[in-house]
Amino acid sequence: MMITGPEITGPEITGLEITDLLWSSDPATGERRQVRHDAVIARLEAGGQRRAARLARRLPARDGILIADEIDALQVRVHCELQRLGEELQLPRRIAEWIAQFRGTRPGEPIRVVDVGCGLGHVVRWLAAHEALGPDVELVGVDLNRTLITRAAELAAAEALDCRFVAGDAFEPGVAGGGDKTTVVVSSGLLHHLHAADLPDFFAAQRRLGVTAFAHWDIDPGPWTTLGAWVFHQARMREPVSRHDGVLSARRAHPAAVLLAAAQAGAPNYNPACVDGAPWWPRLSDVLRPVTGVAP
Amino acid sequence: MIWVVGTLIGLAALDGAFAGFRSSCGRTGLIRHRRQDVVAHLHGLATAAALLAPVAAAVLVDLAARPARLDTYLDAGRAMLMLYLPFGAIVVGALAGYAALPWRHRFLASALILGPFTFARPFVALAGALLVPYATRDALASSAALAAVAAALAVEPVLNRRWAAASC
């Protein structure tokens, strides 16, 4: 197993989420790499994130290496808490509503829904549990993190849900499924993990893969959202890492203009759309909003 | 007398049940968790009862020895209810709204009331207890109020420890 520091590529992102630094894999083989504890702390300190560095010092480590099993357990706990937030935000229903509207334009056509960066697969499992999209729907969750994918599959099996989970890069050909079916790619809370400069490639990858449509939900940034995220995470979340990362997610979410420009650059023929609310007026019912695109 | 005691017990029971629910939320990752939610409410209720029982017992022992102090304890209860009753009524109203609203607007109840009120709960609980010394000028009643609030606020951490122990 290789040993590495946190793997964040591209330009420096202002404010790193702690969970982004705890897990690393070899891009070629998918093999998990060990992560040095001091490298995580140094990375956070270098960015002036003193509180995050304090939290990182408490992470379980042995001989200077983060203890994989305990980090995995932490990641699962954090994502379980995130799922609870997704439930409160009615996120799966919102995604189901959008896909159902899209599907209405292609009645009777079998469809594949791929959730990129699905974590524990909350959205995919919810869609399966509620049979929200009707018949002839293939539900696939994809994430780079094998631990989360394994747990997602276990949870799906525990509730006998008709969906599947794949560890890997969703945009590699064949990972999420063949190109023979109408495919809708969705995500929730993924885009703010990407640097703005990397967003056009994210959308271009979907165009190259020939997906039929995409809809990626992320936080509509603004002062009200940040305040709400702080209150909610203080009130609801138990893990200090969840509290830190949740508020930071709201702070570093991309405005609609950035997402729209990236989607237009990466997938111009998809007629992308994304709208933010007025920054000084809280959008209580639309804390997360999608950037969408449909192939011509 | 009955409405003061009954309302305090009712609010403590609700608070305990909700603490149990909060403690269980986001633990299992399951989609269908209604049964777990019901069990969590009951655990919260039982834990609140167990933690508040010594305080109730102490007050009852004091009243058995000195029945004339009943009015002091009722004054203490009324003082606490001045804050807890409107707070609890708003929370119950928000829960009713959550249940009644169309799914698209349910988050309003969480964003406007349930989330912020969960955040404010410990401060409101403490403020209610701090009203008792002003209302009664009685050290024992004030101590009982503080102990009751401490017990109520301990329900969620106690259940969290139980969850943590279960996952080890």
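Relevant structure appears above.
Residues numbered from 1 in each chain as written. Chains lettered and ligands numbered in written order. Predicted model: local features only at pLDDT ≥ 70, side-chain atom pairs only at ≥ 80, totals over all residues. Heavy atoms only, no water.

Draft legend 1. Molecular detail of the overall build of chain A. Counting secondary structure elements, chain A contains ten helices and eleven strands. Against the compact-globule benchmark of 19 Å for 296 residues, chain A has a radius of gyration of 19 Å, which places it among compact chains. Reported as C-alpha extents along the three principal axes, the dimensions of chain A are approximately 55 × 45 × 35 Å. Taking as baseline every contact in chain A between residues at least 6 positions apart, the subset at least 24 positions apart corresponds to 74%. Accessible area of chain A: about 12,700 Å², with a carbon and sulfur share of 54%. Taking the average location of the 31 positive side-chain charges in chain A and that of its 36 negative ones, the two points are 5 Å from each other. (Helix = DSSP H or I, 4+ residues; strand = E, 2+ residues; numbered from the N terminus. Rg over C-alpha atoms; globule rule 2.2 N^0.38 Å. Contact = heavy atoms within 4.5 Å. Areas by Shrake-Rupley, 256 points an atom, 1.4 Å probe, with all protein chains shown as cover. Lys, Arg positive; Asp, Glu negative; His and termini not counted. Charge placed at Lys NZ, Arg CZ, Asp CG, Glu CD.)

Draft legend 2. Looking closely at helix α7 (residues 199-209) of chain A. Of all the positions in α7 of chain A, only L199, F202, F203, A204, A205 and Q206 of chain A are classed as buried. The first or second residue beyond α7 of chain A is G210 of chain A, which carries a positive phi of 75 degrees. (Buried < 20%, exposed > 50% of the residue type's maximum accessible area, 1.4 Å probe, protein only.)

Draft legend 3. Broad picture of the interface of chain B and chain A. The interface of chain B with chain A comprises 27 residues on the first partner and 33 residues on the second. Between chain B and chain A the total buried area reaches about 2,700 Å² when both faces are included, carbon and sulfur atoms providing 57% of it. Contact with chain A buries area across many residues of chain B, yet I31, W103 and F107 of chain B alone supply 29% of it, more than any other trio. Where chain B meets chain A, there are one salt bridge. Its salt-bridge partner being R104 of chain B, residue E97 of chain A comes within 2.1 Å of it at the nearest N-O pair. The interface formed by chain B and chain A contains 14 residue pairs in polar contact (both at pLDDT 80 or more). Put simply, the parts of the chain that give the side of chain B that touches chain A at least two residues each are α1 (2-24) and α4 (103-136) of chain B. When grouped by side-chain class, the residues that make up the side of chain B that touches chain A number twelve nonpolar, ten polar and five charged. (Buried area = accessible area lost by both parts, 1.4 Å probe. Salt bridge = Lys/Arg side-chain N within 4 Å of Asp/Glu carboxyl O. Polar contact = N/O pair within 3.5 Å; in protein donor to acceptor, adjacent residues only side chain to side chain. Nonpolar A, V, L, I, M, F, W, Y, C, P; charged D, E, K, R; others polar.)

Draft legend 4. Fine view of the environment of A12 of chain B. All names here are of chain B. Here A12 lies in helix α1. By relative accessible area, which is 26% here, A12 ends up partly exposed. A sequence separation of 119 residues divides A12 from L131, and the C-alpha atoms of the two residues are 17 Å apart. Beyond its immediate chain neighbours, meaning those up to four positions away, A12 contacts A48 and L52.

No statement about biological role is implied by the geometric values presented.
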